[in-house]
Structures are given as C-alpha cells and as structure tokens.
Amino acid sequence: MLDELLHRVSNHTPQDLQADRRFPEAAVLVPITRSDEPELVLTLRASGLSTHGGEVAFPGGRRDPEDPDLIFTALREAEEEIGLPPGLVEVIGPLSPLISLHGIKVTPYVGVIPDYVEYQANDAEIAAVFSVPLEFFRKDPREHTHRIDYQGRSWYVPSYRFGEYKIWGLTAIMIVELVNLLYDADIDLHTPPKSYINT
C-alpha cells in the first residue's frame, strides 16, 4: 500500500514557482512512517522563536551556504531539530515549493522513515514531536478555512485540529498537495469549500 503511494510521489512533477526574483531558500522534510497505517511526523516549534514560534511545522529550515543541495538541508535540519539520523530517511521526491510570509522559498521533500524512531527534540527550537495518521487528512477534516490572497490568487487553506495541535498555513498547503497526490482527494485550494463563510 505505502509503496504504491510512494510511487505516485516519485512520479510527481511539482509545480514550478513563477517567482520574479530570487528568494532565500529553505527545505523541510515531510516524513512518512513505513507502517501499515502510515503517519506524518510533525513538530511544534518552540514559542520563543523569532519566526513561526508556537506553530506546527515539518522539520526543516534555511539552507546553509555549504549545503550541497536542498535535500541535504532538509535532512540536516531534521537531524538538528528532532534527532532523526539522515541514514534512516529514504527520500522519495519533492513537492511544490512555496514562498513563506517571510519571503523564503520553501521546498518540501517527502521521505520514508521507520516507525520505531525515538526522537530527540532540540529544546531550543522544538517544543514537541508528534505524528498524525495520513488517513486523518484524507477526508479533509478541516476545522476552519483561512483565505490567503497571494500572487494574484485567493487560496482557501484548511486549518486542522489534531488533539492539542493546530495544523495550518504552509504546512497545511503541503499536506493538501500530498493527500491529493496519494489519495486523489481532490481538495481544491482555490475554490472556497461549502463550509467557508466569507466574513
């Protein structure tokens, strides 16, 4: 089952970002556990951070000048933030890059990891490491919809609630692309859902 899903990722052509200038680059790892019921591994960023403090995110960060490529960046950051050894990650392929509110071009890389990893959260950056079954997102169980006007288009981005965690913003956009790709979920980010109320 998982291998069939990952085959879709490896054959996926991410959308090219039509940016009119060069942005600083970052990369995140989108870790999926190799198990009968695959889970996404996410982090809750420490509240004291200058950017995205207290938000849910995939492990990742800015590309260092000495990083040979963005895959290296994603793996290095995942090891620094949650203690995930790069040798345990099978990188499958990229999703579409996005520009963050802080003007950084973020490229997500889907990777498969064992389901027995003991994470070591870097307390300076990460408040918690948690996982969510991929199936949870399949039926689009959004709590709210955020409208974001960006690059001349309106984006209707789901905000999910999983236990005590709120999953929204760039992370939710990445999850939607992944779930659409894996499950043909057909979640449309550019059309308001029926539940959306224009306030």
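In the annotation of an unreviewed UniProt entry, the entry for the protein chain reads CoA pyrophosphatase, and the organism field reads Pseudomonas bijieensis.

Visitor: What is the right way to read the overall build of the protein chain from this model?
Guide: For the protein chain, the helix and strand inventory stands at four helices and 11 strands. Against the compact-globule benchmark of 16 Å for 199 residues, the protein chain has a radius of gyration of 16 Å, which places it among compact chains. In terms of its C-alpha atoms, the protein chain occupies a principal-axis envelope of roughly 45 × 40 × 35 Å. The buried share of the protein chain, reckoned over its 199 residues, is 47%. Once local pairs closer than 6 in sequence are excluded, the contacts in the protein chain between residues at least 24 apart make up 63%. Put simply, the protein chain shows about 10,500 Å² of open surface, and 48% of that area lies on carbon and sulfur atoms.

Visitor: Help me out: how do you make sense of the pattern of salt bridges in this one?
Guide: When the charged atoms of two side chains lie near each other, side chains of opposite charge can form a pair. Within the structure shown, the criterion is met by 13 salt bridges. When the shortest N-O distance is used, the salt bridge between D67 and R76 registers 2.8 Å. Like R76, D67 is buried. R76 gets classed as buried once you look at its relative accessible area, which sits at 13%. One salt-bridge network, in which partners are shared between bridges, spans D64, D67, R76, E77 and E80.

Visitor: Could you clarify how one ought to interpret the side chain of D67 in this entry?
Guide: Relative to the elements of secondary structure, D67 occurs in the loop between strand 4 (60-62) and helix 2 (70-82). Of note is the side chain of D67, whose polar atom sits 2.8 Å from the side chain of T73.

Visitor: Please clarify how the nonpolar core should be interpreted in this entry.
Guide: The nonpolar side chains of a soluble globular protein tend to be buried with one another. The biggest cluster of nonpolar side chains holds 42 residues, and the ones touching the most others in it are L40, F58, V110, F137, I167 and L178. A total of 10 residues in this core trace back to one element, the largest contributor, which is helix 4 (residues 169-183). Those residues in contact with I167, other than ones at most four positions away along the chain, are L42, V56, F130, V132, F137, P158, S159, Y160, F162, A172 and I175. Of all hydrophobic cores here, the second largest spans 13 residues; its members include A27, A74, L84 and V117.

Visitor: Help me out: how do you make sense of the confidence of the model for the protein chain in this one?
Guide: Low-confidence regions, as indicated by low pLDDT, have predicted coordinates that should not be scrutinised in detail. In the predicted model, the protein chain carries a mean pLDDT of 89, and 92% of its residues have values of at least 70. By mean pLDDT, helix 1 (residues 2-10) is the weakest element of the protein chain at 81, and helix 2 is the strongest at 97.

Visitor: I keep staring at the sheet that holds strand 9 (residues 144-150) and nothing clicks. Help me out?
Guide: Within a sheet, each strand pairs with its neighbour through backbone hydrogen bonds, oriented either parallel or antiparallel. With antiparallel pairing, three strands are arranged side by side in an open sheet as 9-10-11. Both edges of this open sheet fall to strand 9 and strand 11 (165-167), since each of them pairs with a single strand only. In this sheet, adjacent strand axes meet at a mean angle of 25° when their direction is disregarded. The sheet contact formed by strand 10 (residues 153-162) and strand 11 spans three bridges and is antiparallel. Across the sheet, the residue bridging to F162 is Y165, located in strand 11.

Conventions used here
- Residues numbered from 1 in each chain as written.
- Predicted model: local features only at pLDDT ≥ 70, side-chain atom pairs only at ≥ 80, totals over all residues.
- Heavy atoms only, no water.
- Helix = DSSP H or I, 4+ residues; strand = E, 2+ residues; numbered from the N terminus.
- Rg over C-alpha atoms; globule rule 2.2 N^0.38 Å.
- Buried < 20%, exposed > 50% of the residue type's maximum accessible area, 1.4 Å probe, protein only.
- Contact = heavy atoms within 4.5 Å.
- Areas by Shrake-Rupley, 256 points an atom, 1.4 Å probe, with all protein chains shown as cover.
- Salt bridge = Lys/Arg side-chain N within 4 Å of Asp/Glu carboxyl O.
- Polar contact = N/O pair within 3.5 Å; in protein donor to acceptor, adjacent residues only side chain to side chain.
- Core = buried A, V, L, I, M, F, W, Y, C linked by side-chain atoms within 4.5 Å.
- pLDDT = per-residue confidence, 0-100.
- Pairing = 2+ DSSP bridges.
- Axes fitted to C-alpha atoms, helices over the stretch in contact; angles between N-to-C directions.

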